[in-house]
Amino acid sequence: MNKTCLIPQPIHLSGLQQLRENGIEPLVGEAVCEDARAENVVAAIYRSGQFSRTRMVQLPNLRAIAVHGVGIDGIDLAAASALGIVVFNTPGANNRSVAEHALGLMFALTKRLPAADSAVRKGEFSFRFQGGLSELFGATLGIVGFGAIGQIVATLAQAMGMRVQVLTRRSAEELAALGLHKAHSLQSLLAESDIVSLHAPSLPETQNLIGAAELALMKKSAFLINTSRGALIDEPALIHALQNAEIAGAGLDVFAVEPLPASSPLTTLPNVVLTPHAAASAEQALMRMASAAVSGVIETLQDCCPASIINPEIWETRRR
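Residues numbered from 1 in each chain as written. Predicted model: local features only at pLDDT ≥ 70, side-chain atom pairs only at ≥ 80, totals over all residues. Heavy atoms only, no water.

With that settled, the discussion passes to the sheet that holds strand β7 (residues 163-167). Strand order in the open sheet formed by seven strands is β8-β7-β6-β9-β10-β11-β12, with parallel pairing between adjacent strands. Unpaired on one side and paired on the other, β8 (181-182) and β12 (272-274) mark the two borders of the sheet. Looking at chain direction, strand β6 (residues 140-144) and strand β9 (residues 195-198) are connected through four bridges and run parallel. Within β9, the residue paired with Gly 142 across the bridge is Val 196. Strands β6, β9, β10 (223-226), β11 (249-252) and β12 of the sheet are contacted by helix α5 (residues 95-110), whose axis makes an angle of about 150 degrees with β10. (Pairing = 2+ DSSP bridges. Helix = DSSP H or I, 4+ residues; strand = E, 2+ residues; numbered from the N terminus. Contact = heavy atoms within 4.5 Å. Axes fitted to C-alpha atoms, helices over the stretch in contact; angles between N-to-C directions.)

What follows deals with the sheet that holds strand β2 (residues 25-28). With respect to topology, five strands assemble into an open sheet ordered β2-β1-β3-β4-β5, the strand pairing being parallel. Edge strands, defined here as strands with exactly one partner in the open sheet, are β2 and β5 (86-88). Put simply, the sheet's adjacent strands are angled 20 degrees from each other on average, direction ignored. Contacting β1 (4-7), β2 and β3 (41-46), helix α1 (residues 13-21) crosses the sheet at an angle of about 140 degrees to β2. Along the sheet, helix α12 (residues 283-301) makes contact with β3, β4 (64-67) and β5, crossing β5 at roughly 155 degrees.

Looking now at the UniProt feature "domain: D-isomer specific 2-hydroxyacid dehydrogenase NAD-binding" (unreviewed entry) in the protein chain. Residues given the UniProt feature "domain: D-isomer specific 2-hydroxyacid dehydrogenase NAD-binding" (unreviewed entry) here are residues 103-279. Overall, residues 103-279 shows 32% helix and 15% strand. The separation of its end C-alpha atoms is 10 Å. (UniProt positions renumbered as here; feature names shortened; annotations may be inferred.)

Considering all chains together, one arrives at one aromatic pair under this definition. When the ring of Tyr 46 is compared with that of Phe 51, the centres are 4.7 Å apart and the planes differ by 40 degrees; the resulting orientation is tilted. The class for Tyr 46 is buried, based on a relative accessible area of 11%. Looking at Phe 51, the relative accessible area reads 1%, which means it is buried. Seen from the ring of Trp 315, Arg 318 lies directly overhead, with NZ or CZ sitting 3.6 Å from the centre. (Phe/Tyr/Trp six-rings, centres within 6.5 Å; stacked < 30°, edge-to-face > 60°. Buried < 20%, exposed > 50% of the residue type's maximum accessible area, 1.4 Å probe, protein only. Lys NZ or Arg CZ within 6 Å of the ring centre and 35° of its normal.)

A separate point is unusual backbone geometry. Note the cis peptide between Glu 258 and Pro 259, where omega equals -5 degrees. Locating Pro 259 in the fold gives a position in the loop between β11 and β12. Even without being a glycine, Arg 112 presents a positive backbone phi close to 50 degrees. Looking at the secondary structure, you find Arg 112 in the loop between α5 and α6 (113-121). The exposure class of Arg 112 is partly exposed, given its relative accessible area of 26%. Phi at Asp 303 is positive, roughly 65 degrees, even though this residue is not glycine. Position of Asp 303 among the secondary structure elements: in the segment after α12. Here Asp 303 falls in the partly exposed class, since its relative accessible area comes to 41%.

A separate point is the UniProt feature "domain: D-isomer specific 2-hydroxyacid dehydrogenase catalytic" (unreviewed entry) in the protein chain. Sites flagged by UniProt as "domain: D-isomer specific 2-hydroxyacid dehydrogenase catalytic" (unreviewed entry) map to residues 36-311. Helix makes up 34% of residues 36-311 and strand 14%, and the two end C-alpha atoms of the span are 26 Å apart.

Burial along β9 is two-sided: Ile 195 and Ser 197 and Val 196 and Leu 198, pointing in opposite directions, are all buried. The pairing of β9 with β10 spans four bridges and is classified as parallel. Looking at the pairing, Ser 197 lines up with Ile 225 of β10. The β-α-β motif built from β9, the intervening helix α10 (residues 212-217) and the parallel element β10 has right-handed crossover chirality. (Right-handed = clockwise from strand over helix to strand, strands pointing away.)

What follows is about the layout of surface pockets. Counted as a void, the second largest pocket has a volume near 300 Å³. As for the second largest pocket, its lining consists of 15 residues, and the residues nearest its centre are Leu 109, Arg 112, Ala 115, Pro 270 and Asn 271. Elements represented by at least two residues in the lining of the second largest pocket include exactly α5, α6 and β12. Among the elements that line the lining of the second largest pocket, the one with the most residues is α6, at three residues. Tallied by class, residues from the lining of the second largest pocket come to nine nonpolar, five polar and one charged. (1 Å grid on protein atoms, 1.4 Å probe; cavity = no way out; pocket = protein on both sides within 12 Å on 5 of 7 lines; lining within 4 Å. Points joined across faces, edges and corners; volume = space filled by probe spheres on them. Nonpolar A, V, L, I, M, F, W, Y, C, P; charged D, E, K, R; others polar.)

Structure (structure tokens):
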């Protein structure tokens, strides 16, 4: 059998080469994947989109689904487990890239970089007299979620002289040892921060974590950053807050619906910086994620359990 691996969204070329070197032919592109010979498909690497039970059933020899990143919300995990398909992700590979992107959005908002760029291109050099720019030094950054990415954001922010407070289960003493402040609650963090950066996972309890009530607690001069998951924010409530200057602006890399519809009011607001879920797409991160995804596929096919398996309970009864 000619073993193939479905890759609907492109991954780094180094990962494709690694697959070929191990006797697996990568099938890249959604159209190519749809036309794949089902019995030859032994693995899949997904960056985004949905992997449904229906699709899994159509692939009788599928043994591994690699998530190119961390979020598994697009994968029907219950179906994969029931069918004996190993699911794993690539944690840690994109942490630095996402953290730096969050800082980039902070710079873009506080320095009004998109507006400044547009002004220069239009010959409006007088933009520099309009004001509205601010420094990050001395500002209070509130970090919601203190996993690996949140910790890198905190370190980078501290290096720029920001005061960093964190919403986390960690003790105040532990945070103080790192030069950080523990937020007593989400409400107090929102009220005290000049910039709020979200780094929490998408879970039932974090759905619409930031809604109208939470946005109302923020300073009118504050900015909201989201490089985590669109589900964390009540998007209509955020649009209302931005339209009515209830907060100063937002930097968003993720959205409730992706791709972001062209009709979304977010695309027309001057106080928003939008990026296309690209925070994890630095070249170095793409290489690391591709390598981790492919290595996990090869390990699974060689009957070695990948370190970042999501459904370890099915390992002994997995497809072979």
